[in-house]
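Architecture and fold: a report
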Amino acid sequence: MNDSPTPVAYFTMEIALEPEIRTYSGGLGVLAGDTARSAADLRVPLVVVTLLHRKGYFRQEIAKDGTQIEHDGTWPVEQHLQRLDATAQVEIEGRPVLLRVWRYDVVGQGGFVVPVHLIDTSDKQNSEYDQTLTDYLYGGDKHYRLCQEAVLGIGGVRILRALGYNSVRKYHMNEGHASLLTLELLDERLRAEGRTAAEPDDIVPLRKMCVFTTHTPVEAGHDRFDQQAMERVLGARKEFEMKDGFCSGGVCNMTYLGFNMSSFINGVARKHGEVSREMFDNYSIDSITNGIHAATFASPSMKKLFDKYIPSWNSDNFRLRYAMSIPHHEIWEAHLEAKRRLLSLVQERCGQTLDENVFTIGFARRVATYKRADLIFNQLKRLRDISKRSGKFQLIFAGKAHPADVPGKELMKRVFDAKRELGDDVPIAYIEDYDLEMGKIITAGVDTWLNTPRPPLEASGTSGMKAALNGVPSFSVLDGWWIEGWIEGVTGWSISTNGGSVDSDHDDVEEAQALYRKLEEVILPCFYRERVRFLDIMRHSIALNGSFFNTERMMKEYVLKAYFT
Ligand SMILES: *Cc1c(COP(=O)(O)O)cnc(C)c1O
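As the structure is a computational prediction, the values presented were derived from the model and not from experiment. (Residues numbered from 1 in each chain as written. Predicted model: local features only at pLDDT ≥ 70, side-chain atom pairs only at ≥ 80, totals over all residues. Heavy atoms only, no water.)

Glancing now at helix H1 (residues 27–42). In a regular helix each residue adds 1.5 Å, so 16 residues correspond to 22 Å; H1 covers 22 Å between its end C-alpha atoms and thus fits that length. Here H1 lies mainly inside the structure; 13 of its 16 residues are buried. Positive phi appears at arginine 43, one or two residues downstream of H1, with a value of about 60°. (Helix = DSSP H or I, 4+ residues; strand = E, 2+ residues; numbered from the N terminus. Expected span 1.5 Å × (residues − 1). Buried < 20%, exposed > 50% of the residue type's maximum accessible area, 1.4 Å probe, protein only.)

Next up, the structure:
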């Protein structure tokens, strides 16, 4: 069962394994999946621990006016996973909770397997409430979430032991959701030495074993729980009282817990590393820029083209650099095939017929307000005028708002308001229930990828990387990965005010104006009247950005900087 004596254990609350396995909500989960896929390709001995999320993240339906309707995301567990015999137990509010575990194999190109273990509390022996603990991803209240984190962190370490993973090289926490694993590692040490209370020195050896990745500067991404709630769920612990620990003023912060217990901490792009160092100035925080799994996100037609001109691209993503040798017209043909696939998806799912000759802008991601899906609709009249003067364009949207995110849902409705207002002048399609499969089809099939976050809140962003790999240039605010991937007019275009300074105050009206100007004066003329130049930008997107912003390069960085040190 246990192939490698000293694997790296990767703990994550969400992971995107297959579109149908609804154990992910957005970028964090897609990244976890791509991390596992690249680890398997590179034969890095990773084992993944996560929760089963039997009822998943919700399935989205959208009413005509843009109102989001949420359905249960139950998925056929038995069809996708194998149930294992190992069990473990964790105490929650003093109750023993029995944990079972399911397995999914991520198989690399050479056959190497990264096993994913999904913890399940639905056993009949557990209380009715405890049976629900591994049902919903990001559902329920704070108490439910804390219990889930106990199952993931503490239960996860115990499940690993039950599976025979007794020596693990590193524990990698994908965000603070998994931080409680550090308390279990501490307890294991005490139990082994027959002690009951930890001393500050006990943290030193633990730290060497832990790696923590922070994924967002947004407040909601940093879990905090009342100390009283922690005591009720986990029992009283000396660590809650520690000076300079992770609890202060009666509030415990899971990011600080992870930070305090880790020897390597990183943000997910260079800029995000800087922003995190400003936010948490007592810690040494490095950065490893995110990526995407190239073989997963290259469209079938692009794959064929890469196979023809860069035969080993798939086992050595750096070679995508040689995309410069692919003839322009073949890139266009491969792109057109991906575009047709997208337009037929739009036809099928929205009943709308879009024209393949029209410039198509894509915007698909979680509908979080800071991502500003409605920035482009700041002035509808201006959009209409641009379309008349510089050339027609159309927009394709997708994305779910978290069920509790009222402003996010309002934002979705504003997109639908704009869609109604603009009618046939600027056709807009909004595809329901954004998922991994759609993520592939939309990023590959549009002509440019729009990204308008409010800086510096986009820690990395990865959908623009999927687009780049498929020859689709980004048109984006300078934030996250785009600061690293952007060369104006070579790999795409920036949306910037104040001459491109990244830290300026951001004003929606001003940024919308900058967006309109560039769309009208640069991008549409290039697409319609200087096609060769546009094709050159597409080719550079692959060669310069596809070759770098992938999880193969990212995993190699984790191996060198974090895992095998
Ligand atoms: C890639 C992807 C994301 C991440 O999008 P960002 O650009 O990072 O916001 C979210 N959801 C799905 C389904 C994806 O495929």
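This paragraph deals with the site of the ligand. As a structural note, the neighbourhood of the ligand is formed by 13 residues, with Lys371, Gly461, Thr462, Ser463 and Lys466 the closest of them. Contact between the ligand and lysine 371: an oxygen atom at 2.7 Å from a side-chain N or O atom of the residue. Contact between the ligand and lysine 466: an oxygen atom at 2.6 Å from a side-chain N or O atom of the residue. Compared with its free state, where it exposes 390 Å², the ligand has 95% of that area covered by protein. Of all the secondary-structure elements, those providing two or more residues to the shell around the ligand are H1, helix H15 (436–445) and helix H16 (463–469). (Near = heavy atom within 4 Å. Polar contact = N/O pair within 3.5 Å; in protein donor to acceptor, adjacent residues only side chain to side chain. Areas by Shrake-Rupley, 256 points an atom, 1.4 Å probe, with all protein chains shown as cover.)

What follows covers the pairing of strand S3 (residues 59–62). Residues Gln60 and Ile62 of S3 are buried on one face, while the alternating residues Arg59 and Glu61, pointing to the opposite face, are not. Here four bridges tie S3 to strand S4 (residues 68–71), and the two strands are oriented antiparallel to one another. Residue pairing in the sheet places arginine 59 in a bridge with histidine 71 of S4. Hairpin connection between S3 and S4: a loop of five residues separates the two successive antiparallel strands, and glycine 66 in this loop has a positive phi of roughly 95°. (Pairing = 2+ DSSP bridges.)

On to the side chain of histidine 293, then. Within the fold, histidine 293 resides in the loop between strand S15 (286–287) and helix H10 (294–297). A distance of 2.6 Å separates a polar atom in the side chain of histidine 293 from a polar atom in the side chain of threonine 296. Dropping the residues within four chain positions of it, histidine 293 is found in contact with Asp34, Arg37, Ser38, Asp41 and Thr551. (Contact = heavy atoms within 4.5 Å.)

The buried fraction of H15 is high, at eight of ten residues. Burial in H15 covers these residues: Leu436, Met438, Gly439, Ile441, Ile442, Thr443, Ala444 and Gly445. One side-chain oxygen at the N-terminal end of H15 lies 3.2 Å from the backbone nitrogen of glutamate 437; it belongs to aspartate 435.

With that settled, consider the state of the cysteines. Disulfides are covalent bonds that connect the sulfur atoms of two cysteines. Using the criterion set out here, one finds one disulfide in the structure. Free of any disulfide, cysteine 210 has its nearest cysteine sulfur in cysteine 247, 17 Å distant. (Disulfide = S-S within 2.5 Å.)

Quick look at the nonpolar core now. In this structure, Phe306, Phe359, Phe377, Phe393, Phe397 and Leu519 are the most contacted members of the largest nonpolar core, which totals 71 residues. Of all the elements, helix H18 (residues 508–529) adds the most residues to this core, at nine residues. Formed jointly, this core draws a minimum of three residues from each of two domains, domain 1 (8–291 + 554–563) and domain 2 (329–549). Once residues lying within four places of it in the same chain are set aside, the contact partners of phenylalanine 393 are Val358, Phe359, Ile361, Leu383, Ile386, Ser387, Val426, Pro427, Leu519 and Leu524. Counting 65 residues, the second largest nonpolar core, distinct from the first, contains Val97, Leu183, Val233 and Phe280. (Core = buried A, V, L, I, M, F, W, Y, C linked by side-chain atoms within 4.5 Å. Domains from an automatic or database assignment.)

The sheet built from six strands is open, its strands ordered S18-S17-S16-S19-S20-S21 with parallel pairing. What marks the edges here is a single partner per strand, and that holds for strand S18 (428–431) and strand S21 (492–495). For this sheet the average axis-to-axis angle between neighbouring strands, irrespective of direction, equals 20°. The sheet contact formed by strand S16 (residues 359–364) and strand S17 (residues 393–398) spans six bridges and is parallel. (Axes fitted to C-alpha atoms, helices over the stretch in contact; angles between N-to-C directions.)

Let us now look at the pattern of salt bridges. For the structure on display, the rule yields 48 salt bridges. Between glutamate 520 and arginine 382 there is a salt bridge, and its shortest N-O distance comes to 2.6 Å. Taken as a pair, glutamate 520 in helix H18 and arginine 382 in helix H13 (residues 380–390) lie far apart in primary sequence, 138 residues in all. Each member of the pair, glutamate 520 together with arginine 382, is buried. (Salt bridge = Lys/Arg side-chain N within 4 Å of Asp/Glu carboxyl O.)

Looking at the secondary structure, you find aspartate 507 in the loop between S21 and H18. Among the residues examined, aspartate 507 registers a relative accessible area of 36% and is labelled partly exposed.

Time to look at the domain arrangement of the protein chain. As far as domains go, the protein chain holds domain 1 (8–291 + 554–563) and domain 2 (329–549). Each of domain 1 and domain 2 was reduced to a C-alpha centroid, and the two centroids are 32 Å apart. Residue-level contacts link 36 residues of domain 1 with 34 residues of domain 2. Across the interface of domain 1 and domain 2, roughly 2,800 Å² is buried in total on both sides, 60% from carbon and sulfur atoms. A per-residue breakdown of the area domain 1 buries against domain 2 is headed by Gln60, Ile62 and Lys271, which together make up 21% of the total. The residue lysine 409 makes a salt bridge to glutamate 70 at a minimum N-O spacing of 2.8 Å. Counting every contact that joins domain 1 to domain 2 gives eleven residue pairs in polar contact (both at pLDDT 80 or more). Residues belonging to the side of domain 1 that touches domain 2 are distributed by class as follows: 15 nonpolar, twelve polar and nine charged. (Buried area = accessible area lost by both parts, 1.4 Å probe. Nonpolar A, V, L, I, M, F, W, Y, C, P; charged D, E, K, R; others polar.)

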